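So you can see what is in the structure, the chains are spelled out below.
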Amino acid sequence: MHHPGRHFLQIPGPTNVPDRVLRAMDRPTIDHRGPDFAHLGKEVLEGCRSLFRTSGPVVIFPSSGTGAWEASIVNTLSPGDKVLMFETGQFATLWQQMSVRWGLDVEFVPGDWRHGVDPAQVEDRLAQDRSHQIRAVMVVHNETSTGVTSRVAEVRKAIDNAQHPALFMVDTVSSLGSLPYEHDAWGVDVTVTGSQKGLMLPPGLGFNAISQKALTASKSSRLPRSYWDWQDMLENNVAGFFPYTPATNLLYGLREAIAMLMEEGLENVFSRHRRHAEATRTAVRHWGLEMLALDSREYSDSLTAVLTPAGQDPDRFRKIALEKYDISLGTGLGKMKGKIFRIGHLGDLNDLMLIGTLAGVEMGLHAANAPYRSGGVQAAMEFLQKQSGSVKEIPLVAVR
Ligand code: PLP
């Protein structure tokens, strides 16, 4: 059926692609070995450093985020290497499964999908590893399947407290460009991300930001690699080129997206996400629904996962909301299937888009005959009105 007006794409990624980015990509594809491309390549590779807050190299693969996960593994580790991972949700589980497939010896610390990585547990485990068998600690910054954000800076401190030399690898697929993140300052060795969330691009680009320590590790690591080899990338990137055909038009989009994020200012982008997340949480509380995230220090500012009351099928509610109001909300993944729905509030979003989104949820709850208290949208509006001045005035539930 044709729905007039714009579809509300409020899954936690892929996110809405702004018109400016769409127009920037609407260009003829150019010779990827010619001078114009070299200019574009250099510009985006340089621009990426500001996004990851690093002075080191960032490589860009024509891939989804999963490819960038694989690149982080095959470039740094060797068969049988021990790595420490944490079951924060579905994406941590998938990264873990990939590591097992690559022949790594994964210690997967179980979790309840309602909490992030516990820094104290990281410190404990690493302190026990006196012979430094653990080669890498791998953490998902923002669990897109649960709406829980792990405290990466504190995990770094835990690694330091244990005086452990493991590499630190972080998945920022649903946090980069939405939540505060510091590749250099937080001592991350490999940061993994994708284009389709905070970066406001279509799917199709995978990124690795690489520390000097990770580069050094890549010289002696023995996992086989070819397509994902950093060395080939880095050699070609010096002149702005790629070892194989890059996703030229997505790179035009990336150049525009970086310009937009820098014009707004990353700090303002982060505050905007915090403000929209807090407005969403205000609505959820008002509806009388329960958030999956249990620790306010770990509430995600890029998405909110909401538990449906017992007996209520979240996917039936999502289907009704889609059919009646043309809004896409996120489904429950893995262990959360049939238990939650997820509201994406990241990327290119303003107050009215958020209110429209929350109205879609509230009207959907009504249409699905779900038990809820009406007025959540009103409560969110009042929150946004009070906080319409300086973004600095937002009462932060928790400062990360
Ligand atoms: N990691 C996180 C946190 C994600 O949210 C996703 C996708 O949603 C992925 C990894 C996998 O990325 P992709 O689906 O682009 O391969």
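Description of the structure in this document.

So, how was this worked out
- Residues numbered from 1 in each chain as written.
- Predicted model: local features only at pLDDT ≥ 70, side-chain atom pairs only at ≥ 80, totals over all residues.
- Heavy atoms only, no water.
- Salt bridge = Lys/Arg side-chain N within 4 Å of Asp/Glu carboxyl O.
- Buried < 20%, exposed > 50% of the residue type's maximum accessible area, 1.4 Å probe, protein only.
- Pairing = 2+ DSSP bridges.
- Helix = DSSP H or I, 4+ residues; strand = E, 2+ residues; numbered from the N terminus.
- Near = heavy atom within 4 Å.
- Polar contact = N/O pair within 3.5 Å; in protein donor to acceptor, adjacent residues only side chain to side chain.
- Nonpolar A, V, L, I, M, F, W, Y, C, P; charged D, E, K, R; others polar.
- Axes fitted to C-alpha atoms, helices over the stretch in contact; angles between N-to-C directions.
- Contact = heavy atoms within 4.5 Å.
- Arc of directions from axis to C-beta.
- Left-handed = near helix turned anticlockwise from the far one by under 90°.

## Examining the pattern of salt bridges
Thought 1: Counted under the stated rule, the structure contains 25 salt bridges.
Thought 2: Notably, a salt bridge pairs Glu278 with Arg285, separated by 3.7 Å at the nearest N-O pair.
Thought 3: Overall, the relative accessible area of 42% leaves Arg285 in the partly exposed class.
Thought 4: Sharing partners across several salt bridges, the network here consists of Arg274, Glu278, Arg281, Arg285 and Asp301.

## Considering the sheet that holds strand β14 (residues 340-344)
Thought 1: If you walk across this open sheet you meet the three strands as β11-β12-β14, and the pairing is antiparallel. Two strands in the sheet have a free side with no partner beyond their single neighbour: β11 (290-291) and β14.
Thought 2: Relative to strand β12 (residues 303-307), β11 runs antiparallel, the two sharing two bridges. By the bridge assignment for β12, Glu290 is matched with Leu307.

## Concerning the site of the ligand
Thought 1: Residues in contact with the ligand, as listed here, are Ser64, Gly65, Thr66, Trp69, Phe91, Val140, Asn142, Thr144, Asp171, Val173, Gln196 and Lys197.
Thought 2: A distance of 2.5 Å is found between an oxygen atom of the ligand and a side-chain nitrogen or oxygen belonging to Thr144.
Thought 3: The separation between a nitrogen atom of the ligand and a polar side-chain atom of Asp171 is 2.6 Å.
Thought 4: Element by element, the count of residues in the shell around the ligand is highest for helix α3 (residues 65-76), at three residues.
Thought 5: Split by residue class, the shell around the ligand holds four nonpolar, six polar and two charged.

## Focus on the sheet that holds strand β9 (residues 190-194)
Thought 1: With respect to topology, seven strands assemble into an open sheet ordered β2-β10-β9-β8-β5-β3-β4, the strand pairing being mixed. Two strands close off the open sheet at either side, each with one partner strand: β2 (58-62) and β4 (105-109). Averaged over all pairs of adjacent strands, the angle between strand axes in this sheet comes to 20°, irrespective of strand direction.
Thought 2: Note that β9 and strand β10 (residues 205-210) share five bridges and pair antiparallel. Paired with Val192 across the strands is Asn208, a residue of β10.
Thought 3: Strands in contact with α3 are β2, β5 (134-140), β8 (167-171), β9 and β10; relative to β9, the strand with the most contacts, it is inclined by about 160°.

## As for helix α7 (residues 212-220)
Thought 1: When we look at burial in α7, the residues that qualify are Ala214, Leu215, Ala217 and Ser218. When α7 is viewed along its axis, its buried side chains cluster within an angular range of 160° and face the same direction. Residues of α7 that are exposed and angled more than 90 degrees away from the buried face: Gln212, Lys219 and Ser220.
Thought 2: Residues of α7 that are buried in the fold lie against α3, β8, β9, β10 and α8 (230-237).

## Here's the deal with the packing of helix α10 (residues 266-287) against helix α13 (residues 376-386)
Thought 1: Closest axis-to-axis distance for the α10/α13 pair is 8 Å, and the angle between their directions is 145°. Of the two elements, α10 crosses α13, and the hand of that crossing is right-handed. Side by side, α10 and α13 meet where Arg275, His276, Glu278, Ala279, Thr282, Ala283, His286 and Trp287 of the first sit next to Gly376, Val377, Ala379, Ala380, Phe383 and Leu384 of the second.
Thought 2: Grouping the amino acids of the contact of α10 with α13 by side-chain chemistry returns eight nonpolar, four polar and two charged.

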